[in-house]
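Take a look at the letters that make up each chain.
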Amino acid sequence: MSDRSVQQYKTVAAAIRYLRQHSRNQPELAEVAAAVHLSEYHLQRVFSAWAGISPKRFLQYLTKEHALNALKASTDSLTAAYDAGLSGSGRLHDLMISCEAMTPGEIRAGGEGVELHYGVAPSPFGLALAGWTRRGLCYLAFLDDDLSERHAELLSQWPNATIVADEQGASALLEQIFPALPQPGKLHLLLRGTNFQIKVWQALLNTRPGQFYSYSQLAAATGSPKAQRAIGSAVAANSVGYLIPCHRVIRESGESGNYRWGPERKQAIHTWEYAHATQQPDT
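Cut-offs applied
Residues numbered from 1 in each chain as written. Predicted model: local features only at pLDDT ≥ 70, side-chain atom pairs only at ≥ 80, totals over all residues. Heavy atoms only, no water. Core = buried A, V, L, I, M, F, W, Y, C linked by side-chain atoms within 4.5 Å. Buried < 20%, exposed > 50% of the residue type's maximum accessible area, 1.4 Å probe, protein only. Helix = DSSP H or I, 4+ residues; strand = E, 2+ residues; numbered from the N terminus. Contact = heavy atoms within 4.5 Å. Expected span 1.5 Å × (residues − 1). Arc of directions from axis to C-beta. pLDDT = per-residue confidence, 0-100. Salt bridge = Lys/Arg side-chain N within 4 Å of Asp/Glu carboxyl O.

Enquirer: Explanation requested: the nonpolar core in the structure shown.
Expert: Nonpolar side chains in soluble globular proteins generally cluster together in the buried interior. In this structure, W50, L137, L189 and L243 are the most contacted members of the largest nonpolar core, which totals 73 residues. If you tally residues by element for this core, the top one is helix α1 (residues 3-21), at seven residues. Excluding residues that lie within four positions of it along the chain, L189 makes contacts with I97, S98, C99, E100, L137, L205, V240, L243 and I244. One finds A67, L71, F212 and I250 within the second-largest nonpolar core, a separate group that totals five residues.

Enquirer: Honestly, the environment of A51 in this entry has me stumped. Any pointers?
Expert: Following the sequence through the fold, A51 ends up in helix α3 (residues 40-51). A C-alpha to C-alpha distance of 30 Å links A51 and E153, two positions 102 residues apart in sequence. Residues within four places of A51 in sequence aside, it is in contact with W272, A275 and H276.

Enquirer: I tried to follow α3 on my own but got confused; where do I start?
Expert: Every α-helical turn comprises 3.6 residues, leaving residues that sit three or four positions apart pointing alike. Helix length check: α3 (12 residues) gives 16 Å between terminal C-alpha atoms against 16 Å at 1.5 Å per residue, within 8%. Within α3, burial applies to L43, V46, F47, W50 and A51. Buried residues in α3, looked at end-on, bunch into an arc of 90 degrees, giving them a common side. Buried residues belonging to α3 abut α1, α2 (29-35), α4 (55-61) and α12 (263-278). Where α3 terminates, the next one or two residues include G52, which has phi positive at roughly 75 degrees.

Enquirer: Mind showing me how you'd approach the confidence of the model for the protein here?
Expert: Close inspection of predicted coordinates is inappropriate for parts of the model with low pLDDT. Per-chain confidence: the protein averages 88 in pLDDT, with 93% of residues scoring 70 or above. Of all secondary-structure elements in the protein, the lowest mean pLDDT belongs to helix α5 (residues 64-85), at 75, while strand β6 (residues 162-165) reaches the highest, 98.

Enquirer: Got a minute to help me understand unusual backbone geometry in this structure?
Expert: Most of the time, phi is negative for any residue but glycine, and the peptide bond is trans. Look at H37: it is not a glycine, yet its phi comes out positive at around 65 degrees. You can call H37 exposed: its relative accessible area is 72%.

Enquirer: Help me understand the pattern of salt bridges, please; the structure alone is not making it clear to me.
Expert: Pairs can form between side chains of opposite charge whenever their charged atoms are close. Across all of its chains, the model carries 10 salt bridges by this definition. For K64, the salt bridge goes to E255, with nearest N and O atoms at 3.0 Å. Here K64, found in helix α5, pairs with E255, found in the loop between β9 (249-250) and α12; they are 191 residues apart in sequence, far enough to count as distant. With a closest N to O distance of 2.6 Å, R135 and E106 form a salt bridge. Separated by 29 residues along the polypeptide, R135 in the loop between β4 (126-133) and β5 (136-142) and E106 in helix α6 (residues 104-109) bring together distant segments of the chain. The partly exposed category is assigned to R135, whose relative accessible area is 25%. In this structure E106 comes out as partly exposed when scored by relative accessible area, which is 25%. Here the salt bridges share partners, and the residues they tie into one network are D146, R150, E153 and R260.

Structure follows, in C-alpha cells:
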C-alpha cells in the first residue's frame, strides 16, 4: 500500500461527497469529474487504479436501489452468520481472522504489564492508525486530520500499558490486511466490549463481502428482535474498522447511515468491497 492509494481515496471521497450533496439531481459523470477537478478520462483512471471498476459502475454501486437489493439478498444468510460467529472465524480474501475477548479483569487492569504497539500506515481508505499487542490487533481507525484524537482514543483504552511507536509494524499489518495480491495468512483480533457487543461483532465477522444488513435483520438474527438500539450501540462501539465489518450494516431504507469514520468512507468501502467481491468484467 502506498501514499498514491491515499491520494486516490481522497478523490473517491470527494466524488462521494459531491454525489451525496447532489443526490436529488442525479449528476452525470461529467459533473462529478468537474467537481473533483479531473477530466472524465482521468477520473476513469483513478477509479480503475483504486478498485478496478469504471466510474459508471462506481455510481451504480452507490444507488439506493443497489443497497435495497443487497439487503434482500442477505436476509437468509444472516442467522447462519450469527450462529457461526459464536464459535467460528471470519475470512477476508485468503486471510483467516479469529478473535478473543478481553476479560473484565484485563479491562480493569488497563493494560498493566502489556506492551502496546501503534503506528500509522496507508490503506485504500486513507491513512489508518493501528494498535496491537502480542495477542493481536486491538484497534484500527481511519484518519481524517484527527490523528491526535484517534491516538488519545487508543491510549485511553490502555492507560497502564507500555506504549511503543512502531510505524514499520503498522505498515506490515496494513499490507497483510490490504495486500496487492491476496496471500494465505492468519490475523488475530483482541476485542474489548460487553458480551452482547462481542457476539454482534463476531457475527459480523462471518458476513459476506458485498452484502448489506439492516439493524432489524441483525437484531432478529441474535434472537432479540426488539434490540435494534443495542445493535446500533454495538456497531457504533466497534474500534476495529473494516475487519469487523460494521460498514455492512445500513438502514432499512437503503440509506448508508452513520459510520464512525465518516459517511463518505463507509460508501467508499461499500463500493471497493463489492467490486472486489464480485470481480465482474469492467464496462
